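Each chain, letter by letter, is given below.
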Amino acid sequence: MRAEFVNPFLASLLNVLKTMASMELAPQKPRLKKDEIARGDVSGLIGMVGPKTKGSMSITFDEGLALEIMQRMLGERPHSINEEVTDMVGEITNMVTGGAKRILAEKGYEFDMATPAVVSGRGHTITHKCDGAIIIMPFDSEYGKAFIEICFDG
């Protein structure tokens, strides 16, 4: 998978969390992911289809990080992942994909976005709707980790 596909999603996540939650994440080293097990506690997954490619992207947060983002964005902090937290993760997934979509459109890649699905629970699975390799990009913060997974055909 080409960096020109991956980088817009990474930049968009950093931008969304900085803008919406005044939070900085530290990108770590990307790697290939060989299984469907999520690396955190709550994930937003969104499919993308365009004339040149199709793929999917997920963002997974550790519970502590998701709760801190909730506190910073909405001023409330639940004790655990609840419906409001999963709604917020779906909204972040939408915002990140929308930001990446704008960047990719400037490079000639157009695609439509599906409605994000949100899954939570330790050890939940993420099934990407594509045949290509899955790239996982970890991010560190003082509140826990976040992970972006991206998979595109071709």
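Calculation notes
Residues numbered from 1 in each chain as written. Predicted model: local features only at pLDDT ≥ 70, side-chain atom pairs only at ≥ 80, totals over all residues. Heavy atoms only, no water. Helix = DSSP H or I, 4+ residues; strand = E, 2+ residues; numbered from the N terminus. Rg over C-alpha atoms; globule rule 2.2 N^0.38 Å. Buried < 20%, exposed > 50% of the residue type's maximum accessible area, 1.4 Å probe, protein only. Contact = heavy atoms within 4.5 Å. Areas by Shrake-Rupley, 256 points an atom, 1.4 Å probe, with all protein chains shown as cover. Lys, Arg positive; Asp, Glu negative; His and termini not counted. Charge placed at Lys NZ, Arg CZ, Asp CG, Glu CD. Expected span 1.5 Å × (residues − 1). Polar contact = N/O pair within 3.5 Å; in protein donor to acceptor, adjacent residues only side chain to side chain. Pairing = 2+ DSSP bridges. Disulfide = S-S within 2.5 Å. Patch = residues over 30% accessible without salt bridge, like charges linked within 9 Å, V, L, I, M, F, W, Y side chains within 5 Å. Salt bridge = Lys/Arg side-chain N within 4 Å of Asp/Glu carboxyl O. Phe/Tyr/Trp six-rings, centres within 6.5 Å; stacked < 30°, edge-to-face > 60°.

*Asks:* Explain the overall build of the protein chain to me, and be specific about the residues and the numbers.
*Replies:* Assigned secondary structure in the protein chain consists of three helices and eight strands. Tracing the protein chain from N to C terminus, the helices and strands come up as α-β-β-β-β-α-α-β-β-β-β. A globule of 154 residues ought to have a C-alpha radius of gyration of about 15 Å, and the protein chain, at 14 Å, matches this closely. Counting the 154 residues in the protein chain, one finds 48% classified as buried. For the protein chain, restricting intrachain contacts to residue pairs at least 6 apart in sequence, the fraction spanning at least 24 positions comes to 67%. A total accessible area of about 7,400 Å² is found for the protein chain, and carbon and sulfur atoms account for 51% of it. Here the protein chain contributes 17 positively and 21 negatively charged side chains, and the mean placements of these two sets differ by 7 Å.

*Asks:* Would you mind going over helix α3 (residues 83–106) in detail, with residue names and values included?
*Replies:* Spanning 24 residues, α3 covers 35 Å between terminal C-alpha atoms, matching the ideal 34 Å at 1.5 Å per step. Looking at where α3 begins, the residue whose side-chain oxygen comes 3.0 Å from the main-chain nitrogen of Glu 84 is Asn 82. Following α3 by one or two positions, Gly 108 adopts a phi angle in the positive range, close to 90°.

*Asks:* Hey, could you go over the pairing of strand β4 (residues 54–61) for me, with residue numbers and the actual values?
*Replies:* In terms of burial, β4 is largely enclosed, as seven of its eight residues are buried. Sheet topology places strand β3 (residues 42–49) next to β4; eight bridges connect them, and they run antiparallel. Opposite Met 48, over in β4, you have Gly 55 as the bridge partner. Linking two consecutive strands that pair antiparallel, namely β3 and β4, is a turn of four residues. Bridge count between β4 and strand β8 (residues 144–152): seven bridges; the pairing is antiparallel.

*Asks:* I'd like to hear about the state of the cysteines, residue by residue, with values.
*Replies:* Overall, the coordinates contain one disulfide when judged by the stated rule. A disulfide bridge connects Cys 130 with Cys 151, and the sulfur atoms are separated by 1.9 Å. With Cys 130 in the loop between β6 (117–120) and β7 (134–141) and Cys 151 in strand β8, this residue pair connects regions lying 21 residues apart in the sequence. Relative accessible area serves as the criterion here: at 13%, Cys 130 is assigned to the buried category. When its relative accessible area of 1% is taken as the criterion, Cys 151 is described as buried.

*Asks:* Break down the side chain of Thr 97 for me, citing the residues and quoting the values.
*Replies:* Tracing the backbone shows Thr 97 in helix α3. The exposure class assigned to Thr 97 is buried, which follows from its relative accessible area of 0%. Among the polar contacts made by the side chain of Thr 97, one reaches the main-chain carbonyl oxygen of Thr 93 at a distance of 2.8 Å. The contacts of Thr 97, once residues within four sequence positions are left out, are Phe 9, Ile 46, Met 48, Met 57, Phe 111 and Met 113.

*Asks:* Before we move on, can you summarise a negative patch on the surface with the specific residues and values?
*Replies:* A contiguous patch of negative charge on the surface is contributed by Glu 76, Glu 83, Glu 84, Asp 87 and Glu 91. The topology assignment puts Asp 87 in helix α3.

*Asks:* For the packing of aromatic side chains, give the residues involved together with the corresponding values.
*Replies:* Tallied over the entire structure, the rule returns three aromatic pairs. Relative to Phe 152, the ring of Phe 9 has its centre 6.3 Å away and its plane inclined at 45°; by these criteria the two rings are tilted. Residue Phe 9 is located in helix α1 (residues 3–21), and its partner Phe 152 is located in strand β8; the two are separated by 143 residues in the primary sequence. Accessibility classification places Phe 9 together with Phe 152 in one group, the buried group. Three or more aromatic residues joined by ring pairs form one cluster here, namely Phe 5, Phe 9, Tyr 109 and Phe 152.

These values are about where atoms sit, not about what they do.
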